[in-house]
Amino acid sequence: MTSHKEPYQTPRGCHGASIPDITATGPEQESVMSWRERSGINPEGQIRLVKLSHMRYQHPDLEEITTFLQDFGMHVVKRTDDEVWYRGYGPDAYVYYARKGPKAALQLPNASGITELVNHPGGGHLVTVIDPEGYPVNLIHGQMSQQLGEYPERLSINYEMEKTRVRKFHRFNPGPAPVHKLGHFGYCVSDFPTMLNFYTQHFNLVPTDFLYIEKAGKKQTVAVFAHIDRGSTSVDHHTLFMMANETTHVHHCSFEVHDFDTQKLGHYWLARKGYKSVWGVGRHILGSQIFDYWWDRSGNMVEHYADGDVVTDETPIGYMPARNESLAIWGPEVPEEFIR
Ligand SMILES: [Fe+2]
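An unreviewed UniProt entry annotates the protein chain as Glyoxalase/Bleomycin resistance protein/Dihydroxybiphenyl dioxygenase of Aspergillus sclerotiicarbonarius.

Here is the structure:
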């Protein structure tokens, strides 16, 4: 018998914490400055991107894609016979543009030179740059920010010893998960080193994390999560996710929603409407987002995400092995069709 009380040891179990980027990145890391020097990148002459604003797609049936995108949480801001612009509740004039035509990620006609976006919401001027694998990067300057929509309320969460939500009950309305903004897109490319070089030399896109495979004892990078470098201003962990593949295609595009409950409400809304889930709900490791991937009616993958990491120019670049297990800390098994 002991006369004093032993301190109670909490049983080891699952655990979560918000930890500094330098610790979270792990042992294989490098500063942005070191990577720039090694890669011969001079930020002085780069095209300085500020943010990702919208995706451009071509769909055979605009009615069908409009119904899907409304169920996905966007609303129509402008429509013509063969074009539709959709926005979220953030400042962007539109987050998705659809044109009638065979399924494709869009290339603008008359892509060279400067085009004034006369009848587009928010206006502005557009220049299109074609990347080495033939895909267009549309650069917009001077687009007017829009009046913000209504932002969802922050929920008050009751923890074990901290019950701040007293006599306030949670109530939710089912419906589409309202989209805030376009956060990032995934891009499969055939010649990864050339494409990495193109995007990081010409634009202020900086790696946050690299994934590698080992071949004959040498590490070969096969995927990158890259952010828009805005110095000490915090930006999303990645705006572009690029990975080596047999073909060049857009893998998915991803839109921000409010929080975990919004994700789940949006998930069940899409499921009830009969759309096909790809993968989710789960939580990524790199970028930390709560994710939820769906097929639209044309067979493109679109994602809802919430609670993503943000980084600055002080965040180190991480290197880790490319494995399915590195994709999520929780969630359903990674389906075959996700890695295509
Ligand atoms: Fe994503």
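Q: I'd like a rundown of the nonpolar core, residues and numbers included.
A: One finds Tyr86, Val95, Tyr96, Ala226, Leu240 and Met242 to be the most contacted residues of the largest nonpolar core, which totals 55 residues. With 5 residues, strand β10 (residues 181-189) is the largest single contributor of residues to this core. Once you skip the residues sitting within four places of it in the chain, alanine 226 turns out to touch Tyr199, Leu205, Val206, Pro207, Thr208, His238, Thr239, Leu240 and Met242.

Q: Quick one: what's the story with the UniProt feature "domain: VOC" (unreviewed entry) in the protein chain, residue by residue and with numbers?
A: Mapped onto the present numbering, the UniProt feature "domain: VOC" (unreviewed entry) falls at residues 181-307. What you have in residues 181-307 is 19% helix and 52% strand, and the ends, taken at the C-alpha atoms, are 13 Å apart.

Q: Give me the lowdown on the sheet that holds strand β11 (residues 205-215), citing residues and values where you can.
A: Strand order in this open sheet of 11 strands is β1-β20-β11-β12-β14-β10-β15-β18-β17-β16-β21, and the pairing throughout is mixed. In this open sheet, the two strands that pair with only one neighbour each are β1 (29-30) and β21 (328-330). By the bridge criterion, 2 bridges tie β1 to strand β20 (residues 317-321) in an arrangement that is antiparallel. Opposite glutamine 29, over in β20, you have glycine 318 as the bridge partner.

Q: Give me the lowdown on the sheet that holds strand β7 (residues 114-116), citing residues and values where you can.
A: Taken together, the 3 strands give an open sheet; going across it, the order is β7-β8-β9, and neighbouring strands pair in antiparallel fashion. At either margin of the open sheet sits one strand with a lone partner, and together these are β7 and β9 (136-141). Ignoring strand direction, the axes of neighbouring strands in this sheet form an average angle of 30°.

Q: Provide a residue-level description of the pairing of strand β15 (residues 249-256), including the pertinent values.
A: Of all 8 residues in β15, 6 are buried, a share of seventy percent or more. One ladder, built from 7 bridges, connects β10 with β15; its direction is antiparallel. Of the residues in β15, the one forming a bridge with leucine 182 is phenylalanine 255. As paired strands, β15 and strand β18 (residues 301-306) are joined by 4 bridges and run parallel to one another. Bridge pairing in β18 places phenylalanine 255 opposite histidine 304.

Q: Kindly report on the pairing of strand β4 (residues 83-87), identifying the contributing residues and their values.
A: In terms of residue burial, β4 counts as a mostly covered element, since 4 of its 5 residues are buried. In this structure, strand β3 (residues 75-79) lies alongside β4, joined through 4 bridges in antiparallel fashion. Bridged to histidine 75 within β4 is arginine 87. Where β3 hands over to β4, the hairpin turn is made up of 3 residues, counted between the paired strands. Two strands pair when backbone bridges link them, and β4 and strand β5 (residues 96-100) are joined in this way by 4 bridges, in the antiparallel orientation. Across the sheet, residue valine 84 finds its bridge partner in β5, namely alanine 98.

Q: Would you mind going over the environment of glutamate 153 in detail, with residue names and values included?
A: Summarising the element assignment, glutamate 153 is placed in the loop between β9 and β10. Note on glutamate 153: 8 C-beta atoms within 10 Å, which makes it exposed. Separated by 105 residues in sequence, glutamate 153 and histidine 258 place their C-alpha atoms 8.8 Å apart.

Here is what the cut-offs are and how they apply
- Each chain carries its own residue numbering, running from 1 in the written order of its sequence.
- Two thresholds apply to this predicted model, a pLDDT of at least 70 for residue-level local features and 80 or more for giving and counting side-chain atom pairs, whereas whole-chain, interface and lining totals are computed over all residues.
- For this analysis, nonpolar core means a set of buried Ala, Val, Leu, Ile, Met, Phe, Trp, Tyr and Cys residues linked through C-beta atoms within 7 Å.
- Three exposure classes are used, based on other C-beta atoms lying within 10 Å of a residue's own C-beta, which is placed from the backbone: buried for 20 or more, exposed for 12 or fewer, and partly exposed in between.
- Secondary structure elements follow DSSP: runs of H or I of four or more residues count as helices, runs of E of two or more count as strands, with numbering from the N terminus.
- Throughout, a pair of residues is in contact if the C-beta atoms placed from their backbones lie within 7 Å.
- UniProt positions are given in the numbering used here, feature names are shortened, and annotations may be inferred rather than shown by experiment.
- Here, any two strands with at least 2 DSSP bridges between them count as paired.
- Orientation is described by lines fitted to C-alpha atoms, with helices fitted over the stretch in contact, and by angles between N-to-C directions that extend from 0 to 180 degrees.

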